Amino acid sequence: MTRMSGAEAFVKALKREGVETIFGLPGGAILPICDALYDSDIRFILARHEQGAAHMADGYARASGRVGVCLATSGPGATNLVTGIATANIDSSSVVAFTGQVPIPVIGTDAFQEVDIIGVSASVTKYNIQVRGARDIPWAVKAAFYLASTGRKGAVLVDIPKDVQTSVEDMEFPEKVSFRGYRVQEEPDPRELDWASVLLSRAKRPMILAGGGVISSNASRELIALAEALMAPVATSLMGKGAVPNDHPLYVGGCGMHGTGEANTLLAEADVLLVVGARLSDRTTGLVKEFSPNAKVIHVDIDRSEIDKNVETVTRVVGDAKLALTGLLERLRRIRLEASGDSEWVRRINELRELYIMPEAKGNPHMRGPEVMRALRRSLPRDAIITTEVGQCQMWASLYFDSYAPRTFLTSGGLGTMGWGFPAAIGAKAARRDVPVVDIAGDGSFAMTENNLATSVEEELPVIVVILNNRMLGMVAQWQRLFYGRRYFGVELGKAPDFVKLAEAYGAVGVRPESLEELEREIRRAIEADQTTVIDVPIDPEENVFPMVPPGKGLKEFIMEA
Ligand SMILES: Cc1ncc(C[n+]2csc(CCOP(=O)(O)OP(=O)(O)O)c2C)c(N)n1
């Protein structure tokens, strides 16, 4: 046992978890902890708004597979974190947030900067707790990391009153924590694997839908092996992009509202569908009763409560995706399944792929979303990390930017949080200093968290922001154009700000290329110079993202033009 303050115990507990980096912004109620961090070698990255700090921690977690940590003061600091915490949690990203709190004796008195952050964050965290005594700090930190990083990963918030941080006690640091009622079932039930493999072996038109769970369990290799054993096309949910190299012959693209024509058509034609680590949200399924209507659905997920939540299954495998896919592969090998690369089903994949190649727009003087994505792809190394903002920019990235490895395509899938991509890119860069990190942005989204340019410059975490600048809240404008008779309301952003000058004001580089060739040159230059760079690409405000499944329709009813 060692005698120390709650704040010192906090720092020691973080070190025991291997924490090297914290993203945050200090304030009165967290000062004892900041003072203890002063003496440690943990890197503190100062965000310019707590929402940015939470997104940075989230980007760090997604890029590295480790836990991302953020810290804020009580009251407004804590509430500013909430969007970031909710974004991480719905996308099953391992984030631990620490908040300061007013001293215990004044909790409930409307003390300065008091907010009941436990109440506020209850529904957007996997778990949250207020520490009531300094001796509980080591346990609470251990518990937070354990819960954030096991089973279905998620966000955990730990609230620490100021007097708990200063109080000096004898501390014990637990090696392990356990929770009654929290059981992680990683090892799948062999009977579930047996049944699923029989169904798969009998399929004439098998298909796989891979979600973010494949990436978080590092199961890409097993997924590809299974797809090849079955000669099954693989589609991904938005969160699953990168689980399969996008140039793999069996990869058919994303499915759902802005899925590819081939993925959405094949889903309708499949007879057995293996869903791995995906939530099957409405954006992925379209109208549920028309989602893969001819398929027996098998769902693999570590979270039992996902099974049959949105789509009815024939059977399930509850457990870790890597273990489940390994178990399925073993069984299929035992059956000596030999799928042919020359089946009608495989021919169908290629036929659809050719059918739905998007036509090039002729005679449009503007640079177009898909072309910008392809130019980006050409000028970046294969292992570059992409983050996205939300809107048309995100959907163009999902459709037209090929990703080749897990953890290289990072996006806010569940909450669709504008302003996520830029701070997440800074967090990803903190985790992966060795690769270029690019935020594919819309002008509206970037404006929400652009102040973190200061962090990127000051902390020497250079990222490249490519703004598809249509002077519009483009995706909302697209819906108003297509479904509300072009009655534009609240979507026109105008020319302000000048993003080149904005970048320069923060000490970053700003450029505005006038052609795709110039864009490619600027990206290569930015990588070479290793400087924070904002590339403002003017595009057509009238351009739509296609294919698109109109809201309330089945996946097969996608439209390719307006
Ligand atoms: C925080 C937040 N507010 C509002 C929305 C609703 N929304 C979805 S897409 C979008 C427009 C995004 O515009 P922009 O960032 O310029 O990207 P674009 O669609 O033009 O590529 C809006 C407002 C959202 N997703 N997130």
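Everything below is about the structure printed above this text.
Residues numbered from 1 in each chain as written. Predicted model: local features only at pLDDT ≥ 70, side-chain atom pairs only at ≥ 80, totals over all residues. Heavy atoms only, no water.

Caption draft 1: Focus on the sheet that holds strand β19 (residues 509-511). Taken together, six strands build an open sheet; the order of strands is β16-β15-β17-β18-β20-β19 and the sheet is parallel. Bordering the open sheet on either side are β16 (409-410) and β19, each of which pairs with just one other strand. Across five bridges, the pairing between strand β17 (residues 437-442) and strand β18 (residues 464-469) is parallel. By the bridge assignment for β18, Ile-440 is matched with Val-466. Sheet strands touched by helix α17 (residues 421-431): β15 (385-388), β16, β17 and β18. Its angle to β17, the strand with the most contacts, is close to 175 degrees. (Pairing = 2+ DSSP bridges. Helix = DSSP H or I, 4+ residues; strand = E, 2+ residues; numbered from the N terminus. Contact = heavy atoms within 4.5 Å. Axes fitted to C-alpha atoms, helices over the stretch in contact; angles between N-to-C directions.)

Caption draft 2: Inspection of the site of the ligand at higher detail. Around the ligand sit 17 residues, and of these Gln-392, Gly-416, Gly-444, Ser-445 and Gly-474 come closest. Contact distances for the ligand include 2.8 Å between an oxygen atom and a backbone N or O atom of Gly-474. Summarising the interface, the protein chains cover 75% of the accessible area of the ligand, which totals 590 Å² for the free molecule. Taken together, the elements giving at least two residues each to the shell around the ligand come down to α16 (392-400), α18 (443-449) and α20 (474-483). Of all the elements, α18 adds the most residues to the shell around the ligand, at four residues. Grouping the constituent residues of the shell around the ligand by class yields eight nonpolar, eight polar and one charged. (Near = heavy atom within 4 Å. Polar contact = N/O pair within 3.5 Å; in protein donor to acceptor, adjacent residues only side chain to side chain. Areas by Shrake-Rupley, 256 points an atom, 1.4 Å probe, with all protein chains shown as cover. Nonpolar A, V, L, I, M, F, W, Y, C, P; charged D, E, K, R; others polar.)

Caption draft 3: Seen up close, the pattern of salt bridges. This model, assessed by the stated rule, comprises 30 salt bridges. Between Arg-378 and Glu-520 there is a salt bridge, with its nearest N and O atoms 2.8 Å apart. Of this pair, Arg-378 sits in helix α15 (residues 369-379) while Glu-520 sits in helix α22 (residues 516-529), placing them 142 residues apart in sequence. With relative accessibility at 49%, the residue Arg-378 sits in the partly exposed group. Looking at Glu-520, the relative accessible area reads 12%, which means it is buried. One salt bridge connects Arg-525 with Glu-522, and the closest N-O pair in it is separated by 3.3 Å. Of this pair, Arg-525 and Glu-522 both sit in helix α22, three residues apart, which is roughly one turn of the helix. (Salt bridge = Lys/Arg side-chain N within 4 Å of Asp/Glu carboxyl O. Buried < 20%, exposed > 50% of the residue type's maximum accessible area, 1.4 Å probe, protein only.)

Caption draft 4: Local environment of the sheet that holds strand β7 (residues 155-161). An order of β3-β2-β4-β5-β7-β6 is seen for the six strands of this open sheet, with the pairing classed as parallel. Looking at which strands have only one partner, the edges of the open sheet turn out to be β3 (43-46) and β6 (127-130). Each adjacent strand pair in this sheet contributes to an overall mean axis angle of 20 degrees, direction not counted.

Caption draft 5: Up close: the packing of α15 against α22. Direction vectors running N to C along α15 and α22 enclose 40 degrees, while the axes themselves pass 9 Å from each other. With respect to α22, the element α15 is oriented oblique. The two elements α15 and α22 cross, and the hand of that crossing is right-handed. When α15 is examined against α22, the residues Glu-371, Val-372, Ala-375, Leu-376, Arg-378 and Ser-379 are found in contact with a partner set consisting of Leu-516, Leu-519, Glu-520, Ile-523, Arg-524 and Ile-527. Partitioned by chemical class, the residues of the contact of α15 with α22 number seven nonpolar, one polar and four charged. (Parallel < 35°, antiparallel > 145°, perpendicular 65-115°, else oblique. Left-handed = near helix turned anticlockwise from the far one by under 90°.)

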